[in-house]
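Here is how the chains run, residue by residue.
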Amino acid sequence: MTPDGGTGSLPRAGGHARVVKAVHGVRKIEPDPQFELDMAAHLRTQLSSEQLAEAFSQHVNGASPIDQIMRRVCLRALVTRMGSGVSIRKGVSFIHPETFEIGDGVFLGEQTILQGRFDGRCVIGNGVWIGPQSYFDARDLVLEDYVGWGPGAKVLGSEHTGHPDDVPFIQTDLRIAPVRICAWADIGVNAIILPGVTVGRGAMVGAGAVVTRDVPDYAKVAGVPARVIGWAKKQNSEKLQAGRSGE
């Protein structure tokens, strides 16, 4: 008997794939209710940043509609700017949210961690989708519009200098380097983006890749360290071949 109560044989893992319509990337973003905007504005004038963060934490793991509303309200009161239609799933945490700018229709998956810095800046563009358990060193980070971010993928935007070498490594100065993920890029599950890297427009980063240098527009990269393995648009492949022929 099959799991649904039928009597046929179970489908093989190698069966045909399905193509279904996109959901997040094409949904229409409606303006947030006015009462949420008014409540956030009121709380910003009445509570300190610490009190707002505490209010957010009281609802961070709740699944009720009230919890979801209050996560949006508290975050809006904390950040520099926040658009409409933002979805904040359970367990999302922010460090220095006052340095964040969040666009319309952003999805933040469960247990995502966004670690800012008091003198930093993090911009998350319109329509960005961030999978569960992702980590962002968001001290100098821009995710442009309609970036897809696979579950568990990470940004490392800083590293210790290691100088001087007569003290523990962790005690040396921190070098913060900007990370830029350009519009339409897609970052695979468990990929890692290292400090100072720009991932180009429409580029695709494979699952588990470690990206140590800039990725050209519309390139497909994979591996450790990541290397170009193809192109999302034919004309980019042609440009690459033309460039090589002129070497």
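Computed from a predicted structure; not experimentally measured.

Description of the sheet that holds strand 19 (residues 204-205)
Adjacent strands of a sheet pair through backbone hydrogen bonds, lying either parallel or antiparallel.
Item 1. Spatially, 8 strands are ordered 2-5-8-11-16-19-21-22 in an open sheet, and the strand pairing comes out mixed. Each of the sheet's edge strands pairs with one partner strand only, and the pair in question is strand 2 (87-88) and strand 22 (227-231).
Item 2. Pairing between strand 11 (residues 148-149) and strand 16 (residues 186-187): 2 bridges, direction parallel. Paired with Trp149 across the strands is Ile187, a residue of strand 16.

Regarding the sheet that holds strand 3 (residues 93-95)
Item 1. Strand order in the open sheet made by the 6 strands is 3-6-9-12-17-20, with parallel pairing throughout. Across the chains shown, the open sheet's two edge strands, defined by having one partner strand only, are strand 3 and strand 20 (210-211).
Item 2. Here strand 17 (residues 192-193) runs beside strand 20; their pairing, made up of 2 bridges, is parallel. Paired with Ile192 across the bridge in strand 20 is Val210.

A look at the side chain of Thr99
Item 1. Checked against the element boundaries, Thr99 lands in the loop between strand 3 and strand 4 (100-102).
Item 2. Taking the relative accessible area as the measure of exposure, Thr99 reaches 8% and is therefore buried.
Item 3. Excluding residues within four positions of it along the chain, Thr99 makes contact with Thr80, Gly116, Arg117, Phe118, Gly120, Arg121 and Cys122.

Things to note about the packing of aromatic side chains
Item 1. Summed over all chains, the structure comprises 4 aromatic pairs.
Item 2. Relative to Phe94, the ring of Phe56 has its centre 6.0 Å away and its plane inclined at 80°; by these criteria the two rings are edge-to-face. Of this pair, Phe56 sits in helix 2 (residues 49-59) while Phe94 sits in strand 3, and the two are 38 residues apart along the sequence. Like Phe94, Phe56 is buried.
Item 3. When the centroid spacing of 4.8 Å and the interplanar angle of 40° are considered together, the rings of Phe136 and Trp149 count as tilted. Here the residue Phe136 occupies a position in strand 9 (residues 135-137), and Trp149 occupies one in strand 11, the gap between them amounting to 13 residues.
Item 4. The class of Phe136 is buried, set by a relative accessible area of 0%.
Item 5. Geometry around Trp184 places Arg201 over its ring, the cationic atom sitting 4.2 Å from the centre.

Some details on the packing of helix 2 against helix 3 (residues 65-78)
Item 1. Running from amino to carboxyl end, helix 2 crosses helix 3 at an angle of 160°, the nearest separation of the two axes being 9 Å. Classed by the angle they form, the pair helix 2 and helix 3 counts as roughly antiparallel. In the crossing of helix 2 with helix 3, the sense of the turn from one axis to the other is left-handed. Contacts between helix 2 and helix 3 involve Ser49, Leu52, Ala53, Ala55, Phe56 and His59 from the first element and Asp67, Met70, Arg71, Cys74, Leu75, Ala77 and Leu78 from the second.

Looking at the environment of Val92
Item 1. Tracing the backbone shows Val92 in the loop between strand 2 and strand 3.
Item 2. Accessibility expressed as a relative area gives 1% for Val92, which makes it buried.
Item 3. Once the C-alpha coordinates of Val92 and Gly109 are considered, the two residues, 17 residues apart in sequence, prove to be 7.3 Å apart.
Item 4. Those residues in contact with Val92 that lie beyond four places of it in its chain are Phe56, Val60, Leu108, Gly109, Gln111, Thr112 and Leu114.

With respect to the confidence of the model for the chain
Item 1. Residues with a pLDDT of 70 or more make up 89% of the chain, whose mean pLDDT is 91.
Item 2. Within the model, the stretch residues 1-5 combines pLDDT values under 50 with 7 contacts to residues more than four positions away or in other chains.
Item 3. Taken as a whole, residues 243-247 scores under 50 in pLDDT and shows 0 contacts with residues more than four places along the chain or in a different chain.

Quick notes on the rules
Residues numbered from 1 in each chain as written. Predicted model: local features only at pLDDT ≥ 70, side-chain atom pairs only at ≥ 80, totals over all residues. Heavy atoms only, no water. Pairing = 2+ DSSP bridges. Helix = DSSP H or I, 4+ residues; strand = E, 2+ residues; numbered from the N terminus. Buried < 20%, exposed > 50% of the residue type's maximum accessible area, 1.4 Å probe, protein only. Contact = heavy atoms within 4.5 Å. Phe/Tyr/Trp six-rings, centres within 6.5 Å; stacked < 30°, edge-to-face > 60°. Lys NZ or Arg CZ within 6 Å of the ring centre and 35° of its normal. Axes fitted to C-alpha atoms, helices over the stretch in contact; angles between N-to-C directions. Parallel < 35°, antiparallel > 145°, perpendicular 65-115°, else oblique. Left-handed = near helix turned anticlockwise from the far one by under 90°. pLDDT = per-residue confidence, 0-100.

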